[in-house]
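Per-entry structural report
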Amino acid sequence: FPVTIKFFSTLLLATAFVASSAMAGDDEVKIGSLKIEDANARATVPAQKMSGGFMKIENKGGADKLLAASSSVSKTMELHTMSMEGNVMKMREIKGIDIPANGKVELKSGGLHLMFIDLKEQLKPGSTIKVKLKFEKAGEVEVPFKVMGHPAHGEPGHDHSKHH
């Protein structure tokens, strides 16, 4: 009997430790030497098929690379970069996002970002969606993305049907 209580209390403690190390804060996730913060996706209107995903990645170790992202809310996801050439917004898929050793990368509107492509459902403000991120060295981690606001015209997350 005492062994059973000790076993369950140890199991409970181990579970609490794993949960706290995976979710270090309300909006931060740690994997290896990486800390992912402020993960969010832009809300969509009902028929919209694309949205943008954004986050901050801090690296306390050696260089790494974000290789891929996936989510059950969209058919596919791509890593994208956006730039302005004159008055023309250029958005293109890239094969990876470098995360420098002991450095930071911010995925934000107007720069590097994730694209949810062929959404299976509307992304509603205030909801949370799960996104699996795959890193070259740190491995795979599931990150909760908070759905924020509504898309502004011309930003990632706005309908880019002409783009694809």
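Preceding this paragraph is the structure being described.
Residues numbered from 1 in each chain as written. Predicted model: local features only at pLDDT ≥ 70, side-chain atom pairs only at ≥ 80, totals over all residues. Heavy atoms only, no water.

**Section: the overall build of the chain**
In terms of regular secondary structure, the chain is built from 1 helix and 12 strands. Going residue by residue from the N terminus, the α and β elements of the chain occur as α-β-β-β-β-β-β-β-β-β-β-β-β. A total of 164 residues make up the chain; the buried ones form 38% of that total. Considering only contacts in the chain between residues 6 or more positions apart, those separated by 24 or more positions represent 67%. Roughly 9,500 Å² of accessible area belongs to the chain as shown, and the carbon and sulfur atoms make up 57% of that amount. (Helix = DSSP H or I, 4+ residues; strand = E, 2+ residues; numbered from the N terminus. Buried < 20%, exposed > 50% of the residue type's maximum accessible area, 1.4 Å probe, protein only. Contact = heavy atoms within 4.5 Å. Areas by Shrake-Rupley, 256 points an atom, 1.4 Å probe, with all protein chains shown as cover.)

**A closer look at the packing of aromatic side chains**
Counting across every chain of the model gives 1 aromatic pair. Taken together, a centroid distance of 6.5 Å and an interplanar angle of 85° make the contact between Phe 116 and Phe 145 edge-to-face. Taken together, the residues span a long stretch of sequence, with Phe 116 in strand E10 (residues 113-119) and Phe 145 in strand E12 (residues 139-148) at a distance of 29 residues. Exposure remark for Phe 145: the relative accessible area of 0% places this residue in the buried category. (Phe/Tyr/Trp six-rings, centres within 6.5 Å; stacked < 30°, edge-to-face > 60°.)

**Quick look at the pairing of strand E6 (residues 74-85)**
In the sheet, E6 pairs with E10 via 6 bridges, with the strands oriented antiparallel. Within E10, the position partnered with Thr 76 by the bridge is Ile 117. Inspection of the sheet shows E6 paired to strand E7 (residues 88-94) by 7 bridges, in the antiparallel sense. Each residue of the ladder has a partner; that of Met 82, found in E7, is Met 91. (Pairing = 2+ DSSP bridges.)

**Quick notes on the nonpolar core**
General note: in soluble globular proteins, nonpolar side chains tend to be found buried as a group. Among the nonpolar cores identified, the biggest contains 31 residues, and Ile 36, Met 55, Leu 66, Leu 114, Leu 133 and Phe 135 are the most heavily contacted of them. Every residue in contact with Phe 135, bar those within four places of it in the chain, is listed here: Ile 31, Leu 34, Ile 36, Ile 57, Asp 64, Lys 65, Leu 66, Leu 67, Ile 99 and Val 141. (Core = buried A, V, L, I, M, F, W, Y, C linked by side-chain atoms within 4.5 Å.)

**Thoughts on unusual backbone geometry**
The backbone of Asn 102 shows a phi angle near 50°, a positive value even though the residue is not glycine. Structurally, Asn 102 is set in the loop between strand E8 (97-99) and strand E9 (104-107).

Everything listed here is a matter of geometry and, on its own, says nothing about what the molecule does.
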